[in-house]
Amino acid sequence: GAVVSQHPSWVICKSGTSVKIECRSLDFQATTMFWYRQFPKQSLMLMATSNEGSKATYEQGVEKDKFLINHASLTLSTLTVTSAHPEDSSFYICSAREGAARAEAFFGQGTRLTVV
Amino acid sequence: DAKTTQPTSMDCAEGRAANLPCNHSTISGNEYVYWYRQIHSQGPQYIIHGLKNNETNEMASLIITEDRKSSTLILPHATLRDTAVYYCIVSSPTGTASKLTFGTGTRLQVTL
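In this report, we go over the structure that sits alongside the text. (Residues numbered from 1 in each chain as written. Chains lettered and ligands numbered in written order. Predicted model: local features only at pLDDT ≥ 70, side-chain atom pairs only at ≥ 80, totals over all residues. Heavy atoms only, no water.)

Under the criterion given, the structure shown has 12 aromatic pairs over all chains. Ring geometry for Tyr36(A) against Phe107(A): centres 5.7 Å apart, planes inclined by 45 degrees, an arrangement best described as tilted. Placement of Tyr36(A) in strand 4 (residues 32-38) and of Phe107(A) in strand 10 (residues 105-107) is noted, with a sequence separation of 71 residues between them. Here Tyr36(A) and Phe107(A) have matching classes, each one buried. Consider the rings of Phe106(A) and Tyr46(B), whose centres lie 5.5 Å apart with planes at 65 degrees: the pair is edge-to-face. Note that Phe106(A) is positioned in strand 10 and Tyr46(B) in strand 4 (residues 45-50), a pairing that runs across two chains. Each member of the pair, Phe106(A) together with Tyr46(B), is buried. The structure contains a cluster of three or more aromatic residues connected by ring pairs, namely Phe28(A), Tyr36(A), Phe106(A), Phe107(A), Tyr32(B), Tyr34(B), Tyr36(B), Tyr46(B), Tyr87(B) and Phe102(B). The ring of Phe67(A) is capped by Lys66(A), whose NZ or CZ atom sits 6.0 Å from the centre of that ring. (Phe/Tyr/Trp six-rings, centres within 6.5 Å; stacked < 30°, edge-to-face > 60°. Helix = DSSP H or I, 4+ residues; strand = E, 2+ residues; numbered from the N terminus. Buried < 20%, exposed > 50% of the residue type's maximum accessible area, 1.4 Å probe, protein only. Lys NZ or Arg CZ within 6 Å of the ring centre and 35° of its normal.)

In structure tokens, the structure reads:
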């Protein structure tokens, strides 16, 4: 399968600071990328969908000013958690799809964010 | 608002076939059936997907009923490393319905 890489794998930050998570498709061009978060013992919750060069589409209840998503190239999307608070601590996962060329999406290994 | 229904958990003996069912009675004509699995604290791993026909790859087989309202993922010879949460998802690869929405999945426990 295709490779999607997330960085960092884990991060600890102080309340009030911002954290950027990168998601890269290493061997394909990702026209669409998805961002999820997952709380312990729960399923993945879709936060937003981004298409290269367009503004992200956020799911209901997700604050777009708090979770900034940029998909500036076909191989890179970033999620920035702004003014992080302890309740933002979670496992964040990205996914990338090549679009019409391939139906399946591939996932990164996830980023564990802890806000202290 | 996941479109699929899966059993919460299943057990399987190592070496036996694991058959994981999924109901998707409201599937649309252009929606695929995808299977992913998630091992603890990792990102989901793609397993297989299909539209109408049964599919097989090196990991598993996917059996889709003729009316497409249900499917079964088959792991032919389960091993302990197959212990994971398995998610069945229906989605269109293009357009506004292209997002992958996860339900609660099936927790498969493979035992000795």
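Read on for the rest.
For the rest of this paragraph, the subject is the sheet that holds strand 7 (residues 67-73) of chain A. All names here are of chain A. What the four strands build is an open sheet, ordered 1-3-8-7; its pairing is antiparallel. Every other strand in the sheet has two partners, leaving strand 1 (4-7) and strand 7 as the edge strands with one partner each. The mean inter-strand angle of the sheet, taken between neighbouring strand axes irrespective of direction, is 15 degrees. Alignment of strand 1 against strand 3 (residues 19-25), held across four bridges, turns out to be antiparallel. Within strand 3, the position partnered with Val4 by the bridge is Ser25. (Pairing = 2+ DSSP bridges. Axes fitted to C-alpha atoms, helices over the stretch in contact; angles between N-to-C directions.)

Residue and element names in this part refer to chain A. Summed over all chains, the structure comprises two disulfides over all chains. Shown here is the disulfide that connects Cys23 with Cys94, its sulfur atoms set 2.0 Å apart. Here the disulfide of Cys23 and Cys94 is right-handed, its torsion about the S-S bond being about 75 degrees. Here Cys23, found in strand 3, pairs with Cys94, found in strand 9 (residues 90-97); they are 71 residues apart in sequence, far enough to count as distant. Given the relative accessible area of 0%, Cys94 is considered buried. The cysteine Cys13 is free of any disulfide, with Cys94 supplying the nearest cysteine sulfur at 18 Å. (Disulfide = S-S within 2.5 Å.)

In this section: the sheet that holds strand 7 (residues 70-75) of chain B. Strand pairing in a sheet is mediated by backbone hydrogen bonds. Such pairs are either parallel or antiparallel. All names here are of chain B. Overall, antiparallel pairing links the four strands, which are arranged 2-7-6-5 in an open sheet. In the strand order of this sheet, the two ends are held by strand 2 (18-23) and strand 5 (55-56), each with one partner. In terms of strand pairing, strand 6 (residues 61-64) meets strand 7 through four bridges, oriented antiparallel. Across the sheet, Leu62 pairs through a bridge with Leu73, a residue of strand 7.

All names here are of chain B. Buried residues dominate strand 8 (residues 84-91), accounting for eight of its eight residues. Sheet analysis places strand 3 (residues 32-38) next to strand 8, joined by seven bridges and oriented antiparallel. Among the inter-strand pairings, Trp35 is bridged to a residue of strand 8, identified as Cys88. Where strand 8 lies against strand 9 (residues 106-111), three bridges are found, and the strand directions are antiparallel. Of the residues in strand 9, the one forming a bridge with Ala84 is Leu108.

Keep in mind that these numbers describe shape and distance, not what the molecule does.
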